[in-house]
Amino acid sequence: VIVSEDGTPQGWLSAERLAVQLLRQKQRAESYLDALLDTVTDAVTAVDRDGTVICWNDMAAQMYGIPHERIIGRTIGEHFEKESLMLLHVLDKGRKVRNMYHQSSAGTHVLINASPIIDGAGAIVGGLASEQDITHLVKLNQELSTAQASIHETLPRSSDPFTMLDGQSHSISKVVRIGKKVAELSTPVLLYGETGSGKEQLARAIHLAGAYAEAPFLSVNCGAIPPGLLDSELFGFIGGTYSGQDIQEAGKLEQAGEGTLFLNEIDRLTPDMQNKLC
């Protein structure tokens, strides 16, 4: 019996017709879900409370080389190291993960977002994870860092590195005077100016004029690197997401050593990341 909000009967529906309508709604919802999984460019994985894989889209199969028939209906721990599975951590802790960087295997870099699946009673019944392949971004950033290091090594050593700065105006002369004084100190320096005004060139001149000119000069564009990757880019990375391999990579802060790390567009960093640098 179908009733209105005030309890007044409005009609009736047989159990057979109700079952048909529920089946149609279920099939329609599954069609939307299948289309979504085929459309997104992230690898999507879903498991139940026991870690059994109930969803594994085409991007996941392509990224990890595991076809659907080999993983659907099996526990995810059969294919990956249980200790390093982010989905199992989500099931245990019930906490969301956002933009966490992982090197899932040698040569493969991903950003992971994961959430617990909670039923109406508040119980965790499963977990869902999406992984964005950022391998190409990591490789481009590594190539840029290598190119910057090569440029630094091949720059001619001048008695006055500030000659690299173009301009004869009073403002430029003032900047050069301040830069030379700063170069004598071992202290962080904040450079601000419009895009293309030469902040990196000034930072390099200050570095070359200082006591650690022979040490590395590294540059990181904070606005061009995803937040999850930026954390490991600055502080380094240990361990693998699914591989169990002992993968280690030093961050730019460690690589710079006693040299200079230029953080371009530092204002684009999240407050949490800025706090880590304090």
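Just above, that's the structure.
The model shown is predicted, which means the values in this text are computed figures rather than measured ones. (Residues numbered from 1 in each chain as written. Predicted model: local features only at pLDDT ≥ 70, side-chain atom pairs only at ≥ 80, totals over all residues. Heavy atoms only, no water.)

Side note on the overall build of the chain
Assigned secondary structure in the chain consists of 10 helices and 11 strands. Sequence separation of at least 24 residues holds for 51% of the intrachain contacts in the chain that already meet a minimum separation of 6. As displayed, the chain has an accessible area near 17,400 Å², and 53% of this comes from carbon and sulfur atoms. (Helix = DSSP H or I, 4+ residues; strand = E, 2+ residues; numbered from the N terminus. Contact = heavy atoms within 4.5 Å. Areas by Shrake-Rupley, 256 points an atom, 1.4 Å probe, with all protein chains shown as cover.)

Points about the pattern of salt bridges
Overall, the coordinates contain 7 salt bridges when judged by the stated rule. In this structure, Arg74 and Glu78 form a salt bridge, with 3.5 Å as the shortest nitrogen-oxygen distance. What makes Arg74 partly exposed here is its relative accessible area of 42%. The residue Glu265 makes a salt bridge to Arg268 at a minimum N-O spacing of 2.8 Å. Taking relative accessible area as the criterion, Glu265 reaches 29% and is therefore assigned partly exposed. (Salt bridge = Lys/Arg side-chain N within 4 Å of Asp/Glu carboxyl O. Buried < 20%, exposed > 50% of the residue type's maximum accessible area, 1.4 Å probe, protein only.)

Regarding the environment of Lys139
Inspection of the secondary structure assignment puts Lys139 in helix H5 (residues 135–154). Each C-alpha atom, one on Lys139 and one on Thr108, is 9.9 Å from the other, the two residues being 31 residues apart in sequence.

So, the packing of helix H6 (residues 170–183) against helix H7 (residues 199–209)
Between H6 and H7, whose axes approach to 8 Å, the crossing angle comes to 45°. Relative to H7, the element H6 lies oblique. Crossing handedness for the pair H6 and H7: right-handed. Every residue of H7 that contacts H6 at Val175, Gly179, Val182 and Ala183 is listed here: Leu202, Ile206 and Ala209. (Axes fitted to C-alpha atoms, helices over the stretch in contact; angles between N-to-C directions. Parallel < 35°, antiparallel > 145°, perpendicular 65-115°, else oblique. Left-handed = near helix turned anticlockwise from the far one by under 90°.)

Brief notes about unusual backbone geometry
Phi angles above zero are rare outside glycine, and Asn99 is one such case at about 50°. By the element assignment, Asn99 lies in strand E5 (residues 97–105). A residue is classified by how much of its surface remains accessible, and Asn99, at 34% relative accessible area, is partly exposed. For Glu265, which is not glycine, the phi dihedral falls at a positive 55°. Assignment of secondary structure puts Glu265 in the loop between strand E11 (260–264) and helix H10 (271–277).

Considering the nonpolar core
Core analysis: the largest hydrophobic core is formed by 22 residues, its most contacted members being Trp56, Ile76, Phe80 and Ala114. Leave out the neighbours within four places in its chain, and Trp56 touches Val44, Thr45, Ala61, Tyr64, Ile66, His68, Ile71, Ile72 and Phe80. Core analysis: the next-biggest nonpolar cluster, separate from the first, contains 13 residues, Tyr101, Val138, Cys222 and Ile225 among them. (Core = buried A, V, L, I, M, F, W, Y, C linked by side-chain atoms within 4.5 Å.)

Quick word on a nonpolar patch on the surface
Taken together, the side chains of Ile2, Leu13, Leu18 and Leu22 make up a nonpolar region of the molecular surface, amounting to roughly 350 Å² of accessible area. Relative to the assigned elements, Leu22 resides in helix H1 (residues 15–39). (Patch = residues over 30% accessible without salt bridge, like charges linked within 9 Å, V, L, I, M, F, W, Y side chains within 5 Å.)

Taken by themselves, the reported measurements are silent on function.
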